[in-house]
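Read off the chains here:
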Amino acid sequence: MSEYEYGELGLAPVEPVSPATENEDDEVLEGFERMNEDSNRPTYVDEGAGEAFYDNQGSYWDTCEPSEFWESFEESYSGQFSSDVDFAQDLSEQMGDEIPDTWPQRCIDWTYAAKELMYDYWSDQGFYFRNL
């Protein structure tokens, strides 16, 4: 009997985790722990953000020094947001665009703006990163 969970497209079966996937997860965790022990680790970093960044490009980081990993992380990390739209709005504000809640600013299609923005960014578990 399969288990089900709700995803973006509705109810879907949950795929069982194979032993190979569990081993891969252990390798990622071990690799990230090596990075996490580095004295150059920024103190503000949420562990989930560092792990997401490592997980996305893990095989590359296996050959790097931890300090290189954290330098790339700091260059790429853009914050934690609940959606691409929230991220796009926040980035717009950071760029100095004052967007009051009046016409014509209310007419901005933030979903489309976020879609375009995500060509240059990626996200994992709500953590956003700029493509390097």
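What you see as residue numbers is a count from 1 along each chain, following the sequence as written. The predicted nature of this model means local features are confined to residues of pLDDT at least 70 and side-chain atom pairs, given and counted, to a pLDDT of 80 or more, with totals for whole chains, interfaces and linings taken over all residues. Side-chain measures here rest on the full set of heavy atoms in the structure, leaving out hydrogens and waters.

Some words on the sheet that holds strand S3 (residues 77-80)
Then comes step 1: When DSSP locates at least two bridges between a pair of strands, those strands are taken to pair. The numbering of helices and of strands both runs from the N terminus, where a helix is a DSSP run of H or I of at least 4 residues and a strand a run of E of at least 2. Pairing within the open sheet is antiparallel, and its 3 strands lie in the order S3-S5-S4. Two strands in the sheet have a free side with no partner beyond their single neighbour: S3 and strand S4 (121-124). Each strand of the sheet is rotated relative to its neighbour by a mean of 20°, with strand direction disregarded.
Then comes step 2: Bridging between S4 and strand S5 (residues 127-130) involves 4 bridges; their strand directions are antiparallel. Only the stretch in contact is used when fitting a helix axis, every axis being a line fitted to C-alpha atoms; angles between N-to-C directions are given from 0 to 180 degrees.

Some remarks on the packing of helix H2 (residues 47-56) against helix H4 (residues 66-76)
Then comes step 1: Following both chains from N to C, one finds H2 and H4 inclined at 105°, their axes separated by 11 Å at the closest point. Accordingly, the angle class assigned to the pair H2 and H4 is roughly perpendicular. Only Phe69, Trp70, Ser72, Phe73 and Ser76 of H4 make contact with H2, whose side of the interface consists of Ala49, Gly50, Phe53 and Tyr54.
Then comes step 2: Looking at the contact of H2 with H4, its residues break down into 6 nonpolar, 3 polar and no charged. For classification, angles of less than 35 degrees are called roughly parallel, those exceeding 145 degrees roughly antiparallel, those between 65 and 115 degrees roughly perpendicular, and all remaining angles oblique. Two residues form a contact once any of their heavy atoms are found within 4.5 Å. Gly falls in the polar group here, along with every residue not listed as nonpolar (Ala, Val, Leu, Ile, Met, Phe, Trp, Tyr, Cys, Pro) or charged (Asp, Glu, Lys, Arg).

Just distances and angles here, no functional claims.
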